[in-house]
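Secondary and tertiary structure notes
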Amino acid sequence: METNAGIILMIMYEDESVDVRYRNGAWLQLSPCGCEFLLVKEKDPRAHPLQPAERVRQRTRFAISSYKELMVGALAFRNKYASRPYLADELISADHKKPFVSSDSGVQWPEQSSCQAEVGPGGSSLVRSKDGRAVLTLSPSGEEFSVDFTCSLSRNQNQFCSMQYFSKDVDGSHEREQQVNSLVCNSTSDQIKAQHQGRESRRKVETRSRSCSPQIISILQTKPEQMYQSTTVVQHHSCCAVAPIWSYPLSLAHGHWAARFSQPKDGVDVNSSNSINAEREINLSDTSEEKKSFLPQPLPLTCTSPHWHRWTAKDPLAKDEHADLPTEPLKVMWCQGVTYRILSGTVSVIEVSLGDGSVIRSNSILSSYFTHFKPELKSGRLIEVTYHLTSLPPDVLGQDYSVRSVISRANRILVCYNQAKQLQKLPAMPSCLQEVTETLNTDVEAVFKSRNWSDVVAAELEKIQRFNFLLENSHLLRGEEAHSGLEDSCAEIPEKLINETFVAEALQRTATAIQDIDALISAATLT
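Numbers given for residues are sequential positions, taken from 1 along each chain in its written order. For this predicted model, a pLDDT threshold of at least 70 governs which residues receive local features, and a threshold of 80 or more governs which side-chain atom pairs are given and counted, while totals over whole chains, interfaces and linings are taken from all residues. Only hydrogens and water are set aside when side-chain values are computed; all heavy atoms of the structure are taken into account.

1. Quick word on the overall build of the protein chain
So the rule is basically this: Secondary structure elements follow DSSP: runs of H or I of four or more residues count as helices, runs of E of two or more count as strands, with numbering from the N terminus. Relative accessibility under 20% of the residue-type maximum defines a buried residue, over 50% an exposed one, and the middle range a partly exposed one, all with a 1.4 Å probe and only protein chains included. We call two residues in contact when some of their heavy atoms are within 4.5 Å. To be clear on the numbers: accessible area is Shrake-Rupley with a 1.4 Å probe, and residue cover counts the displayed protein chains and nothing else.
Across its full length, the protein chain carries 13 helices and 19 strands. Out of the 527 residues belonging to the protein chain, those deemed buried represent 45%. Across the protein chain, the fraction of contacts at a sequence separation of at least 24, relative to all contacts at a separation of at least 6, is 65%. A total accessible area of about 28100 Å² is found for the protein chain, and carbon and sulfur atoms account for 52% of it.

Okay, here's the thing in structure tokens:
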């Protein structure tokens, strides 16, 4: 299959699944988690009309070379608008990867008084974090923004949970990291000390260390630059739907943008956008003064609920008048270089990004009105033009896009979205992303419950050392002098312990208890 087939349509639904349609007739579906895809190849013109098209279903990270370029393009679109990116190492080129040894996902933004925002290409406003790991870019219209941030690559579930454990809570992250490090160091140092005591106990300790912590050994043997790889992720957002993690840096960029642009007070009808602008101004004015944000974390490499992946059998581009409109609630749609975004709420609004820095948005009260936000860099003004569906402007020769066709398509998308929402009387089917979130929360809770592992292991190793001392000095138990000396040095041990048979039985019970602890630790680590 040719990988240079042009893309004519890309759709992301509310569950973050993706549909991509190519010019040659091929159709690609991507699961919400990004781990799996279904490719419907183009029909062979020589085949029988009733013969179905060939279908290919594979893991995304294991896509063969014929489909790799298709996967890269589909994942780039998905990661741009999804809440969390999917970053498979096999699909990222070496020049886009760099070593990343920090497990903290938090970035610090500058103070408002000392913030020096930059002017980017086309008049955009740029705000950088203090460590340079994140850059927020506000568009010249001030209606949308993008964020470029460094994100670690997707890993297996167990590795990902350990990273989530380190970066879950900022206040206790260093304390928990020290606890886990002390667990490894204490276990290793105690095992080294135990090697100098009886041969038989040494074999048991070495066997136990090899069987109970293979992941710790593999982690210690892996180089940091190989274990922690990162890449740059670009996400696009609307200023009317701002996530809390971007509220503060967006307020910094918006303040810099407002100082350069002014809105005209006369000559243009701006009544249709007052409610949206007022709502956005409230959101920006109520931003938290917290200067630290937590960057989105990548999804795991494998999905825990592949049975929840839903594949559409019907072609979304049927040959009719509304062939480009999906029948399910969508989140983002890209068509002919224009991006359509649904802002769901009590009253749904559609936002259109034209690619030239301007934005068209429907009115939240009167859906038949649309407002076009157009920045003028030379005059430093933001012009707002209001259109009505019955009086759209004619096409201009040489213009990159047709305002008439863009608004007409946006209105049809909004109508189809509202109809699909009304027809959804039954609750929505569960998504695999919900299962990933629940699994991560369960694993993190399990890790929090096991914060006293280091104390438990240290106490059991201390018991082993004490009993090993008794075994190695068992010949002293036969003499009366040795008996009194041992009684003085180990006064806390009862008299019944001064017996080889009892010591052997106690060692057996301790070994059984330690095996149970090892099994518990291994089970909690692997799940």
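2. Some details on the pairing of strand E19 (residues 381–388)
Cut-off, in case you're wondering: Two strands qualify as a pair provided DSSP detects at least 2 bridges between them.
As paired elements, strand E18 (residues 369–376) and E19 share eight bridges and run antiparallel to each other. By the bridge assignment, Pro375 is partnered in E19 with Leu382. Remark: four residues form the turn of the hairpin made by E18 and E19, two consecutive strands paired antiparallel; Gly380 in that turn has positive phi of roughly 70 degrees.

3. With respect to a nonpolar patch on the surface
Let me state the cut-off plainly: Each patch is built from residues lacking any salt bridge and having more than 30% relative accessible area; the joining distance is 9 Å for like charges and 5 Å for nonpolar side chains (Val, Leu, Ile, Met, Phe, Trp, Tyr). Think of a salt bridge as a Lys or Arg side-chain nitrogen and an Asp or Glu carboxyl oxygen that are within 4 Å of each other.
Taken together, the side chains of Ile365, Leu366 and Tyr369 make up a nonpolar region of the molecular surface, amounting to roughly 300 Å² of accessible area. Structurally, Ile365 is set in the loop between strand E17 (359–362) and E18.

4. Things to note about the nonpolar core
Applied cut-off: Nonpolar cores were defined as sets of buried Ala, Val, Leu, Ile, Met, Phe, Trp, Tyr and Cys residues, with membership established by side-chain atoms within 4.5 Å.
Among the nonpolar cores identified, the biggest contains 31 residues, and Leu28, Phe37 and Leu39 are the most heavily contacted of them. Listed by contribution, the elements that provide at least two residues to this core are strand E1 (7–13), strand E2 (18–22), strand E3 (27–30), strand E4 (36–40), helix H1 (65–81) and helix H10 (432–449). Residue contributions to this core peak at seven residues, all from H1. The contact partners of Leu28, leaving out residues within four places of it in the chain, are Val18, Asp19, Val20, Tyr22, Phe37, Leu38, Leu39, Leu70, Met71 and Ala74. Formed by 25 residues, the second largest nonpolar core is a distinct cluster that contains Leu138, Val233, Tyr248 and Leu250.

5. Considering the pattern of salt bridges
Per the stated rule, a full pass over the model turns up 15 salt bridges. Note that Asp131 and Arg133 form a salt bridge whose closest N and O atoms lie 3.7 Å from each other. Using a relative accessible area of 15% as the deciding quantity, one classes Arg133 as buried. Members of the salt-bridge network, linked through shared partners, are Glu143, Arg341, Glu351 and Arg361.

6. Let's talk about the sheet that holds E4
The line we're drawing: Every angle, taken between N-to-C directions, lies between 0 and 180 degrees, and every axis is a line fitted to C-alpha atoms, over only the stretch in contact when it is a helix.
On the basis of which strands lie adjacent, the open sheet formed by 11 strands has the order E5-E4-E3-E2-E1-E14-E15-E16-E17-E18-E19 and antiparallel pairing. Taken across any chain shown, the strands that pair with only one partner, and hence form the sheet edges, are strand E5 (55–59) and E19. Mean inter-strand twist for the sheet, computed between neighbouring axes without regard to direction, equals 15 degrees. In the sheet, strand E14 (residues 330–335) pairs with strand E15 (residues 338–343) via four bridges, with the strands oriented antiparallel. Note on E15: the bridge partner recorded for Val332 is Arg341.

7. Here's the deal with the sheet that holds strand E12 (residues 229–238)
Judged by pairing direction, the sheet is antiparallel, and its six strands sit side by side in the order E6-E12-E11-E10-E9-E8 without closing on themselves. Here the strands that pair on one side only, and so sit at the sheet edges, are strand E6 (98–99) and strand E8 (118–119). In this sheet, strand E11 (residues 144–152) lies alongside strand E10 (residues 134–138) in antiparallel orientation, the contact comprising five bridges. Paired with Leu138 across the strands is Phe145, a residue of E11.

8. Remarks on the side chain of Gln235
What counts is decided by this rule: Definition of a polar contact: a pair of N or O atoms within 3.5 Å, with one able to donate and the other able to accept a hydrogen when the atoms are protein atoms, and with sequence-neighbouring residues admitted only if both atoms are side-chain atoms.
Looking at the element boundaries, Gln235 is found in strand E12. One polar contact links the side chain of Gln235 to the main-chain carbonyl oxygen of Ala82, over a distance of 3.3 Å. Only 3.2 Å separates the side chain of Gln235 from the side chain of His237, close enough to count as a polar contact. Residue contacts for Gln235: discarding those within four places in its chain leaves Asn79, Lys80, Ala82, Ser83, Pro85, Phe145, Ser146, Val147, Phe149, Trp246 and Pro296.

9. Let's talk about the packing of aromatic side chains
Using the following cut-off: Stacked, tilted and edge-to-face are the three classes assigned to paired rings of Phe, Tyr and Trp, where Trp is represented by its six-membered ring and a pair needs centres within 6.5 Å; plane angles under 30 degrees give stacked, over 60 edge-to-face, the rest tilted.
Under the criterion given, the structure shown has three aromatic pairs. Taking the centre distance of 6.4 Å and the plane angle of 70 degrees together, the rings of Phe37 and Tyr67 count as edge-to-face. Within this pair, whereas Phe37 is found in strand E4, its partner Tyr67 is found in helix H1, the two being separated by 30 residues in sequence. Of the two residues examined, Phe37 and Tyr67, each falls in the buried class. Between Phe149 and Trp246, the aromatic rings sit 6.2 Å apart at their centres with planes inclined by 40 degrees, giving tilted as the arrangement. Taken together, the positions of Phe149 in strand E11 and Trp246 in the loop between E12 and helix H7 (247–260) put the pair 97 residues apart, joining distant regions of the chain. Across the pair, exposure class does not vary: Phe149 and Trp246 are buried alike.

10. Describing the environment of Ala82
The residue Ala82 is located in the loop between H1 and E6 in this model. Those residues in contact with Ala82, other than ones at most four positions away along the chain, are Met12, Glu16, Gln235 and Lys331.

11. Brief notes about the environment of Leu136
Note that Leu136 resides in strand E10. Taking the relative accessible area as the measure of exposure, Leu136 reaches 0% and is therefore buried. Residues in contact with Leu136, not counting those within four places in the same chain, are Trp109, Ser125, Leu126, Val127, Phe145, Ser146, Val147, Trp246, Pro249, Leu250 and Ala253.

12. Overview of helix H9 (residues 403–423)
Side chains three or four residues apart in an α-helix point the same way, a direct result of the helix having 3.6 residues per turn. Just so we agree on the cut-off: Here a helix's expected span is defined as the number of its residues, less one, multiplied by 1.5 Å.
A rise of 1.5 Å per residue sets the reference length of H9, with its 21 residues, at 30 Å; its end C-alpha atoms lie 30 Å apart and thus fit the reference within 8%. At its buried positions, H9 is contacted by E14, E15, strand E16 (349–353), E17, E18 and E19.

13. Quick notes on the pairing of E12
Direction of pairing for E6 relative to E12: antiparallel, over a ladder of two bridges. Looking across to E12, one finds that Lys98 is bridged to Ser230. Across nine bridges, E11 lies against E12 in antiparallel orientation. The residue bridging Asp148 from the neighbouring strand is Val234, located in E12.

14. Some details on the confidence of the model for the protein chain
Caution applies to low-pLDDT parts of the model: their predicted coordinates are not meant to be read in detail. Our working rule: One number per residue, pLDDT, summarises how confident the predictor is, and it ranges from 0 to 100.
Confidence along the protein chain averages 74 in pLDDT terms, with 62% of residues attaining 70 or more. Scored below 50 in pLDDT, residues 489–498 makes 11 contacts in the model with residues more than four places away or belonging to other chains.

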